[in-house]
Amino acid sequence: MDNQEMNIALAQLLFPDIDKTPDYFEELYPARDLPEGARVTRFAPSPTGYLHIGGLFGALVDVLTARVSGGKAYLRIEDTDKKREIDDGVSAITDGLSAFGVEFDEGVTGFNTESGKYGPYTQSRRVEIYQTIAKSLVERGLAYPCFCSAEDLTALREKQEAEGALIRGYFGKYAKCRNLTLDEIKANLDSGKPWVLRFRSDGSDDKRITFEDVIRGKIEMPENTIDEVLLKSDGIPTYHFAHVCDDHFMHTTHVIRGEEWISSVPKHIALFKACGYKVPKFAHTPQVMKIDEETGEKRKLSKRKDPEAAVSYFVVEGFPKESLIEYLLTLISSGFEDWRRANPDAAAMDYPFNLKKMSNSGCLFDLVKLNDVSKNVICHMSASTVYDRVAAWAKEYDGEFYKVISADPARTTAILNIDRENPKPRKDIAKWNEVKDYISYFYPQFYQKDYTLPENIGKEDAEAILKKYSEVFSLDDDKDMWFQRIKDICEPLGFTPNVKEYKKNPDAFKGHVGDVSTVIRIALTSRRNTPDLYSIMQLLGADEIKARLADAAANLK
Ligand code: GLU
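Please read these numbers as outputs of a predicted model, since none were measured by experiment. (Residues numbered from 1 in each chain as written. Predicted model: local features only at pLDDT ≥ 70, side-chain atom pairs only at ≥ 80, totals over all residues. Heavy atoms only, no water.)

**Student:** Would you explain the overall build of the protein in this entry?
**Tutor:** Per the secondary structure count, the protein includes 23 helices and 16 strands. For the protein, the C-alpha radius of gyration of 33 Å lies well beyond 24 Å, the compact-globule estimate for 557 residues. With respect to the principal axes defined by its C-alpha atoms, the protein has extents near 115 × 50 × 45 Å. Taken over 557 residues, the protein has a buried fraction of 51%. Considering only contacts within the protein whose residues lie at least 6 apart along the sequence, 74% involve residues at least 24 apart. For the protein, the computed accessible surface area is about 27,200 Å², with 48% contributed by carbon and sulfur atoms. If the 76 positive side-chain charges of the protein are averaged to one point and the 89 negative ones to another, these points end up 2 Å apart. (Helix = DSSP H or I, 4+ residues; strand = E, 2+ residues; numbered from the N terminus. Rg over C-alpha atoms; globule rule 2.2 N^0.38 Å. Buried < 20%, exposed > 50% of the residue type's maximum accessible area, 1.4 Å probe, protein only. Contact = heavy atoms within 4.5 Å. Areas by Shrake-Rupley, 256 points an atom, 1.4 Å probe, with all protein chains shown as cover. Lys, Arg positive; Asp, Glu negative; His and termini not counted. Charge placed at Lys NZ, Arg CZ, Asp CG, Glu CD.)

As structure tokens, then:
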């Protein structure tokens, strides 16, 4: 038998059940019919039951990159690492993506569901493909079975440490199983020894490879020399091998992934080449970081320490999807804010994103900034949109609040419309879980009275203001008349309706019209700062106003 015949015999010995050839899959997954320059991207998480904010960030980059080029973005589930997987680890990912409107053109759509012509999009369902390609690598002498046990590998590591080897791992002279004869392999297989399939690397440690990272530019690294595991002892591929096969057959043009994968690129390029595949473009995105509250230092957002590392956190808190996306876009692309100023009403997903211009340093996730962005997004929503969104959120996360606000949607909407739908709307709400407190004084179920007066206003004066105002207010007044009545009660009570006059001569008065309004505001809402009090009173109604003014007058602090 010559070498080639031996390789073919070995391939058959290792993969007796594989009867397909790589060509079969080439035909099954033909090139995509897309315009010139179209980019095909993928988001490829493991089904860990958790979607990290960095994942959403990456998914957004995938979708936008495909979108601006007329290409396709798909969602692939990489479940070859059984240790990390949980039963339904997929729904948390698809739910998190859909909660924020990040939609893929094809791929996995939920637990056990998918769409698209290049599937299955879950790696555990593609084992036949990987094994077919693996078999062809064996046939071409580019892969071999390795029977080394865990103990053998530990001994190897210790030997390399003792020798001070610069590169550690299974390669070259250390690769014990590299040159086993067919008979030795047969004997091992017959005795039932478990085996993994290894790549036969032809890399050399004095050579370097360069590649062009779309975000980072040219990167130079030592060539891969390691005989990487392609298939584990259960026949399941490693990530390295699986993603090479998948990105080839799914016709990915741009592999966009976290920067933690940069060090694996030499290995991946070697595998793409050994398989005879075109090497895709790589773009390694920066990590999502935060400033640690205790140390003040920049660090990675951590699943363990930071609740905001989970996309589900933003759902539970009630951040509108537009807000989080808007904010992530400011992190993804420094040009976004300028574009937004020039296109205030455009949908965020229409942003003409340029992957090449993405920053390559860690991007800082700042909750305070997200809150500001979100207030700005929410203040431009119509009252009925706000109502619908709040109601949908409350139905899920605050049943009691939902019951109360949905008992009279028109009134709740009117409450939410105070100081809204005008050229300068108030920016009070950043997320839906703040709404209950924000409007609580309209609802006896949630209203918490607090009649604490500012220090400059005496209790008796406040009492007098409330009594007087109770006699004169009228809900039939227009806004000017309403304010006039407040001004009118100032002088008889020792206050001045004229703020300027007060400032000129503060000792002549107990206070000014602003103080009088504050007392009324506190009596009606228990707050010093509220949206337009005239509108609030219209919605409270005369009976409730009278009752509150009397109650406050009797209980001032
Ligand atoms: N499955 C890999 C991970 O979850 C994805 C890496 C890639 O996008 O290629 O980290």
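**Student:** Any chance you could explain the sheet that holds strand β5 (residues 143-146) here in plain terms?
**Tutor:** Strands belonging to one sheet form pairs held by backbone hydrogen bonds; the direction of such a pair is parallel or antiparallel. Strands sit in the order β5-β6-β9 across an open sheet of 3 strands; the sheet is antiparallel. Strands at the two margins of the open sheet, each flanked by one partner only, are β5 and β9 (229-231). Ignoring which end each strand starts from, the neighbouring axes of this sheet average 45° apart. Two elements, strand β6 (residues 196-199) and β9, share 2 bridges in a ladder whose sense is antiparallel. Across the sheet, R198 pairs through a bridge with V229, a residue of β9. Along the sheet, helix α5 (residues 127-139) contacts β5, β6 and β9; its crossing angle with β9, the most-contacted strand, is approximately 125°. (Pairing = 2+ DSSP bridges. Axes fitted to C-alpha atoms, helices over the stretch in contact; angles between N-to-C directions.)

**Student:** Just checking my understanding: could you explain the site of the ligand for this structure?
**Tutor:** The full set of residues close to the ligand is R42, A44, P45, S46, E78, Y239, R257 and W261. Separating an oxygen atom of the ligand from a side-chain N or O atom of Y239 is a distance of 2.5 Å. The side chain of W261 places a nitrogen or oxygen atom 3.5 Å from an oxygen atom of the ligand. Contact with the protein chains covers 85% of the free accessible surface of the ligand, which is 300 Å². Each residue belonging to the shell around the ligand can be placed in one class, and the counts come to 4 nonpolar, 1 polar and 3 charged. (Near = heavy atom within 4 Å. Polar contact = N/O pair within 3.5 Å; in protein donor to acceptor, adjacent residues only side chain to side chain. Nonpolar A, V, L, I, M, F, W, Y, C, P; charged D, E, K, R; others polar.)

**Student:** Teacher, can you tell me more about the pattern of salt bridges here?
**Tutor:** Should the charged atoms of two oppositely charged side chains come close, the side chains can pair. For the structure on display, the rule yields 35 salt bridges. E293 is the salt-bridge partner of K290, the closest N and O atoms lying 3.2 Å from each other. Where K510 meets D461, a salt bridge forms, and the shortest distance between an N and an O atom there is 2.9 Å. Highlighted residues: K510 in the loop between α20 (499-504) and β16 (511-512) and D461 in helix α18 (residues 459-472), separated in sequence by 49 residues. (Salt bridge = Lys/Arg side-chain N within 4 Å of Asp/Glu carboxyl O.)

**Student:** Help me out: how do you make sense of the pairing of strand β8 (residues 217-222) in this one?
**Tutor:** Look at any regular strand and the pattern is simple: side chains alternate between the two faces of the sheet. In this sheet, β8 lies alongside strand β7 (residues 208-213) in antiparallel orientation, the contact comprising 6 bridges. By the bridge assignment for β8, E212 is matched with K218. Between β7 and β8, which pair antiparallel and follow one another directly, the connecting turn spans 3 residues.

**Student:** Help me understand the layout of surface pockets, please; the structure alone is not making it clear to me.
**Tutor:** In this approach a probe as big as a water molecule rolls over the atoms, and the regions it shows empty are the leftover space. Space inside the second largest pocket adds up to approximately 900 Å³. The residue inventory of the lining of the second largest pocket, partitioned by class, reads 15 nonpolar, 5 polar and 12 charged. (1 Å grid on protein atoms, 1.4 Å probe; cavity = no way out; pocket = protein on both sides within 12 Å on 5 of 7 lines; lining within 4 Å. Points joined across faces, edges and corners; volume = space filled by probe spheres on them.)

**Student:** Looking at this model, I keep getting lost on the environment of Q160. Mind explaining?
**Tutor:** Structurally, Q160 can be placed in helix α6 (residues 150-163). Counting along the chain gives 14 residues from Q160 to Y174, while the straight-line C-alpha distance between them is 8.7 Å. If near-sequence neighbours (up to four positions away) are discounted, Q160 is found in contact with A165, I167, R168, G169, F171 and Y174. At a separation of 2.7 Å, a polar atom in the side chain of Q160 contacts the main-chain carbonyl oxygen of G169.

**Student:** For this particular structure, what's the right way to read empty space enclosed by the protein?
**Tutor:** One pass over the full model with this rule turns up 2 cavities of 30 Å³ or more. Forming the boundary of the largest cavity are I415, L416, I418, D419, R420, P425, R426, D428, I429 and Y438. Broken down by class, the residue content of the lining of the largest cavity amounts to 6 nonpolar, no polar and 4 charged. Put simply, the second largest cavity is a space of about 40 Å³.

**Student:** Help me understand unusual backbone geometry, please; the structure alone is not making it clear to me.
**Tutor:** Outside of glycine, negative phi angles account for most residues, and trans bonds account for most peptide bonds. Residue G119 is joined to P120 through a cis peptide bond whose omega torsion reads -5°. Checked against the element boundaries, P120 lands in the loop between β4 (113-115) and α5. Of note, H251 is a non-glycine position whose phi angle comes to about 60°, a positive value. Along the chain, H251 falls in the loop between α8 (239-249) and β10 (254-258).

**Student:** Teacher, can you tell me more about helix α13 (residues 367-379) here?
**Tutor:** In an α-helix, one full turn covers 3.6 residues, which means residues spaced three or four apart are oriented alike. Given a rise of 1.5 Å per residue, 13 residues ought to cover 18 Å, and the 18 Å separating the end C-alpha atoms of α13 matches this to within 8%. Regarding α13, the residues found buried are L370, N371, V373, S374, V377, I378 and C379. For α13, the elements touching its buried residues are α10 (311-317), α11 (321-332) and α14 (383-397). Regarding α13, its N-cap is D366, as a side-chain oxygen of that residue lies 3.0 Å from the backbone nitrogen of V368 further along. (Expected span 1.5 Å × (residues − 1).)

**Student:** What exactly am I supposed to notice about the pairing of strand β12 (residues 288-291) here?
**Tutor:** Alignment of β12 against strand β14 (residues 363-364), held across 2 bridges, turns out to be parallel. Across the sheet, residue V288 finds its bridge partner in β14, namely C363. In the sheet, β12 pairs with strand β13 (residues 298-300) via 3 bridges, with the strands oriented antiparallel. Note that in β13 the partner of M289 across the bridge is K300. Between the antiparallel neighbours β12 and β13 lie 6 residues, among them G296 with a positive phi of about 75°.

In short, geometric facts, not functional conclusions.
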